[in-house]
Number of protein chains: 2
Amino acid sequence: MTTTAAALTAATAHEPRPSARCVGILGGMGPAAGADLVRLFVQACTEFMQRRGWEVRDQSYPTHWLAQVPVPDRTEALNAGGTALEAPLDAMTAAAERLQALGAGAVAIACNTAHAWHEALQARFPHIELLHVARETAKRLQATGVGRVGLLATRGTYRTGLYETALAHAGIACHLPDETGRELLMRGIYDGVKAGDMAGARDCFVEAARRLMAGHGDVPLIMGCTEIPLALEDAPQAASWTLVNPGRVLAQALARRAYADWL
Amino acid sequence: MTTTAAALTAATAHEPRPSARCVGILGGMGPAAGADLVRLFVQACTEFMQRRGWEVRDQSYPTHWLAQVPVPDRTEALNAGGTALEAPLDAMTAAAERLQALGAGAVAIACNTAHAWHEALQARFPHIELLHVARETAKRLQATGVGRVGLLATRGTYRTGLYETALAHAGIACHLPDETGRELLMRGIYDGVKAGDMAGARDCFVEAARRLMAGHGDVPLIMGCTEIPLALEDAPQAASWTLVNPGRVLAQALARRAYADWL
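Please read these numbers as outputs of a predicted model, since none were measured by experiment.

Examining the relation of the copies chain A and chain B
Think of it as a corkscrew move, a rotation about one axis and a shift along it, taking one chain copy to the other. With an RMSD of 0.0 Å, the fit of chain A onto chain B corresponds to turning through 180 degrees and sliding 0.0 Å along the axis. What the superposition gives is, in effect, a two-fold axis relating one chain to the other. Taking the C-alpha atom as reference, chain A places Leu66 of chain A closest to the rotation axis, 2.5 Å from it. Take the interface residues of chain A: 100% of them recur as interface residues in chain B, which is what a same-surface contact looks like.

Set out below in structure tokens:
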């Protein structure tokens, strides 16, 4: 605390800030989502500095590395189970090792489904703080007094109960899509965003969201797969909906970790 | 050639492609521009695969790493000259060393002004192909039969003649802004984009572009600083202008390098 206070006093608004902690982003799942998380992270850092009245310069951003590596399909592995679960973990481990060697003290995973391996990966890297997208999102929703939400995600994410668990801990009820809704989401993610067809993806996501809200009212919707906001966030149909982008929440959490000494 | 042909025959549209070459992006200059170059690179890879009728999956993208490191201000260093020129080169060298260790065979620099050190950096890394944004842009313009262009850039980039040289080699005339235009561009880049004020940046860029075209007619405009497209590309005033985004050209060139065996 004394160090922080002294440093704060010493630094004026026109001096570059002392270097923040180096952080990493584990991406490639898919690569568009990884690129988007870096964009959101940079935005979160800018906002973090602006709120404190700091001068925003290239040199005042934390060093950060984005690893975009091929990771075997997460939903497929979760569906197959058994030894199929090892391949995604091994690929993520190899990338996390490199991020650690680059000096990353905190790492965010740019894929919701991949969080099924969060605990296993965290156990392998005791010196890295591995952020958890669902816990960060639940914390944020809890702080804003939200009581129930709808969850748009992959079959893999539903299977692991990633958000349901984190939301339950925060006392937030979570509504899930029916079978048709889940099919629409998978089609929008795989045949849409991951295949480069954004318009097709948008139609699927909008329809899945409508079905969910038809059953449960206009609840806030968690876009619980990094590919969903890429097509849904700017949809005109979604203008009146409350969409929660866990990627944005995760990016803001990572920015806070990078600037930890300045909190 | 035989290997490529055999591999092409062996791979069906439903198999993932064999791994492409690992490539790197040297960013942080500023970080928003680095994030944007990754986005453009992923987009370029998607388009590359789609044009060939390949199945686009997460796993069919090349491994790529984005280094977002603090690099001392390039324009300031070029203005100061002498030993001030060493600091940006040292920072970029440290990042390029790490990208090389990560296996990158080709690297793109996400900053036009930083290309003043392109030759020096390339000399230090004989095993990496260091792409050159102005040469790639000039090649592309030449291929489309453009005879003259306007250049929007930083004072540092004007000082080095980065684009003028590459364009002259390609037989393309290059028109530069007057002093007021240059001042507007620097204000838009530093007080605008780099400080998070996109609306202010847009006004500066639009006015600089108008002044340049008032003197030289409706020439295509090269957005020769990675910060410029972030605010200018979507400006309603620019809807009828021909804007060339060298970042997009560079991203496409990097994608071709990554998929070199598949050309």
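Digging into the interface of chain A and chain B
The partner chain B presents 38 residues to the 38 residues of chain A that form the contact. Contact between chain A and chain B buries roughly 2,900 Å² in total, counting both sides, with carbon and sulfur atoms accounting for 56%. Contact with chain B buries area across many residues of chain A, yet Asp58, Trp65 and Arg98 of chain A alone supply 22% of it, more than any other trio. With its nearest N and O atoms 2.8 Å apart, the salt bridge here joins Asp58 of chain A to Arg74 of chain B. Summed over the shared surface of chain A and chain B, the result is 13 residue pairs in polar contact (both at pLDDT 80 or more). Top contributing element to the side of chain A that touches chain B by residue count: helix H2 (residues 31-51) of chain A, with eight residues. In terms of residue class, the side of chain A that touches chain B is made up of 21 nonpolar, nine polar and eight charged.

Points about helix H12 (residues 246-258) of chain B
Residues and elements named next belong to chain B. Helix length check: H12 (13 residues) gives 18 Å between terminal C-alpha atoms against 18 Å at 1.5 Å per residue, within 8%. Counting buried residues in H12 gives 11 out of 13 residues, a clear majority hidden from the surface. Of the positions making up H12, those classed as buried are Pro246, Gly247, Val249, Leu250, Ala251, Gln252, Ala253, Leu254, Ala255, Arg257 and Ala258. With a side-chain oxygen lying 2.8 Å from the backbone nitrogen of Gly247, the N-terminal cap of H12 falls on Asn245.

Focus on the pattern of salt bridges
Residue and element names in this part refer to chain A. Enumeration over the complete set of coordinates arrives at 28 salt bridges over all chains. Salt-bridge contacts for Glu129 lead to Arg257; the nearest nitrogen and oxygen are separated by 2.9 Å. Here the residue Glu129 occupies a position in strand E4 (residues 129-130), and Arg257 occupies one in helix H12 (residues 246-258), the gap between them amounting to 128 residues. The shortest N-O distance in the salt bridge between Glu227 and Lys194 comes to 3.2 Å. You can see Glu227 sitting in the loop between strand E7 (221-223) and helix H11 (228-232) and its partner Lys194 sitting in the loop between helix H9 (179-192) and helix H10 (198-216), a full 33 residues away along the chain. Of the residues examined, Glu227 reaches a relative accessible area of 2% and is grouped as buried. The class for Lys194 is buried, based on a relative accessible area of 9%. Each of Glu129, Glu136, Lys139, Arg256 and Arg257 takes part in salt bridges that share partners, so that together they form one network.

Observations concerning the sheet that holds strand E5 (residues 148-152) of chain A
Residues and elements named next belong to chain A. Spatial strand order, E6-E5-E7-E8: four strands in an open sheet with parallel pairing. Edge positions in the sheet fall to strand E6 (173-175) and strand E8 (243-244), since each has one partner strand and no second. As paired elements, E7 and E8 share two bridges and run parallel to each other. Residue Leu221 lies in a different strand from E8, and its bridge partner there is Leu243.

Points about the sheet that holds strand E2 (residues 64-68) of chain B
Reading across from one edge, E4(A)-E3(A)-E1(A)-E2(A)-E2(B)-E1(B)-E3(B)-E4(B) is the order of the eight strands in this open sheet, with mixed pairing throughout. Looking along the sheet, the strands with just one partner apiece sit at the ends: E4 of chain A together with strand E4 (129-130) of chain B. Where strand E1 (residues 23-27) of chain B and E2 of chain B come together, five bridges link them in parallel fashion. Counterpart to Gly24 of chain B in the pairing with E2 of chain B is Trp65 of chain B.

Considering the environment of Ala96 of chain B
Residues and elements named next belong to chain B. Position of Ala96 among the secondary structure elements: in helix H4 (residues 86-101). Taking the C-alpha atoms as reference, Ala96 lies 11 Å from Gln68; in sequence the two are 28 residues apart. Those residues in contact with Ala96 that lie beyond four places of it in its chain are Leu26, Phe125 and Ile128.

Examining the side chain of Thr113 of chain B
Residues and elements named next belong to chain B. Counting through the fold element by element, Thr113 comes out in the loop between strand E3 (106-109) and helix H5 (118-124). Reaching out from Thr113, the side chain makes a polar contact with the side chain of Thr154 at a distance of 2.8 Å. Within the structure, Thr113 has its side chain in polar contact with the side chain of Thr157 (distance 3.1 Å). Discounting chain neighbours no more than four positions away, the residues touching Thr113 are Arg74, Thr75, Leu78, Thr154, Gly156 and Thr157.

A closer look at the packing of aromatic side chains
Per the counting criterion, the structure on display carries six aromatic pairs over all chains. With centroids separated by 6.1 Å and ring planes inclined at 70 degrees, the aromatic side chains of Phe48 of chain A and Trp54 of chain A adopt a geometry described as edge-to-face. Here the aromatic rings of Trp54 of chain B and Tyr259 of chain B are separated by 5.9 Å at their centres, their planes lie at 75 degrees, and the arrangement is edge-to-face. Within this pair, whereas Trp54 of chain B is found in the loop between helix H2 (31-51) and E2, its partner Tyr259 of chain B is found in the segment after H12, the two being separated by 205 residues in sequence. An aromatic cluster of at least three residues, connected via ring pairs, comprises Phe48, Trp54 and Tyr259 of chain A.

Parameters at a glance
Residues numbered from 1 in each chain as written. Chains lettered and ligands numbered in written order. Predicted model: local features only at pLDDT ≥ 70, side-chain atom pairs only at ≥ 80, totals over all residues. Heavy atoms only, no water. Least-squares fit on C-alpha atoms with pLDDT ≥ 70 in both. Contact = heavy atoms within 4.5 Å. Buried area = accessible area lost by both parts, 1.4 Å probe. Salt bridge = Lys/Arg side-chain N within 4 Å of Asp/Glu carboxyl O. Polar contact = N/O pair within 3.5 Å; in protein donor to acceptor, adjacent residues only side chain to side chain. Helix = DSSP H or I, 4+ residues; strand = E, 2+ residues; numbered from the N terminus. Nonpolar A, V, L, I, M, F, W, Y, C, P; charged D, E, K, R; others polar. Expected span 1.5 Å × (residues − 1). Buried < 20%, exposed > 50% of the residue type's maximum accessible area, 1.4 Å probe, protein only. Pairing = 2+ DSSP bridges. Phe/Tyr/Trp six-rings, centres within 6.5 Å; stacked < 30°, edge-to-face > 60°.

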